[in-house]
Amino acid sequence: MLKSKKWLLGALFGVIPAVLLLFAAEHMLRSLGDLVSSVGAAFDLSASDIDMYSNIVGQLQDAVIRTPVLPVILLCCFASVLTAQWLSKAGNRKPRIVLSVLLWILFLLVMFMFTLVFTEVNTILFGLLLRSAAALL
């Protein structure tokens, strides 16, 4: 019984970063127009180019955005269960805690990119849009 509680608690702690990842990805896509307009000067773009790019990606505010909810939640729950099992082993826990925090930071960055790539924007995968845009450069 105690072992199943650890698994369930670990899975519950996986839902929290998954939900945060999903909200962060959708919020970033919706505010991409503002991001382009504020960062455009750093890339030496003219004011007309910044305005044009900002208007193009600003249309994402009204787009239908569907994030990959189930895969993200399952992967985060699986990672948190593995972390809980690894941290529950006997012995010196401080190095394992530090390593698990560093691995979680890396995992969340990778999962954020995964979430963005597999998010559907008006029934088109955002990853395909990025690949098409990269081909134009």
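Attention here is on the structure that accompanies the text. (Residues numbered from 1 in each chain as written. Predicted model: local features only at pLDDT ≥ 70, side-chain atom pairs only at ≥ 80, totals over all residues. Heavy atoms only, no water.)

## Topic: the state of the cysteines
On inspection of all chains with the given rule, the structure shows 0 disulfides. Cysteine 76 carries a free sulfur, and the closest cysteine sulfur to it, the one in cysteine 77, is 7.2 Å from it. The exposure class assigned to cysteine 76 is buried, which follows from its relative accessible area of 0%. Accessibility expressed as a relative area gives 14% for cysteine 77, which makes it buried. (Disulfide = S-S within 2.5 Å. Buried < 20%, exposed > 50% of the residue type's maximum accessible area, 1.4 Å probe, protein only.)

## Remarks on the nonpolar core
Ranked by size, the top nonpolar core spans 17 residues in total, and within it Leu21, Leu29, Val72, Cys76 and Val121 carry the most contacts. When residues of this core are traced back to their parent elements, those giving at least two are helix H1 (2-30), helix H4 (69-87) and helix H5 (94-117). Per element, the largest residue contribution to this core is 5 residues, and it comes from H1. Ignoring sequence-local partners within four residues, the contact set of valine 121 consists of Leu29, Leu60, Ala63, Val64, Ile65 and Phe126. (Core = buried A, V, L, I, M, F, W, Y, C linked by side-chain atoms within 4.5 Å. Helix = DSSP H or I, 4+ residues; strand = E, 2+ residues; numbered from the N terminus. Contact = heavy atoms within 4.5 Å.)

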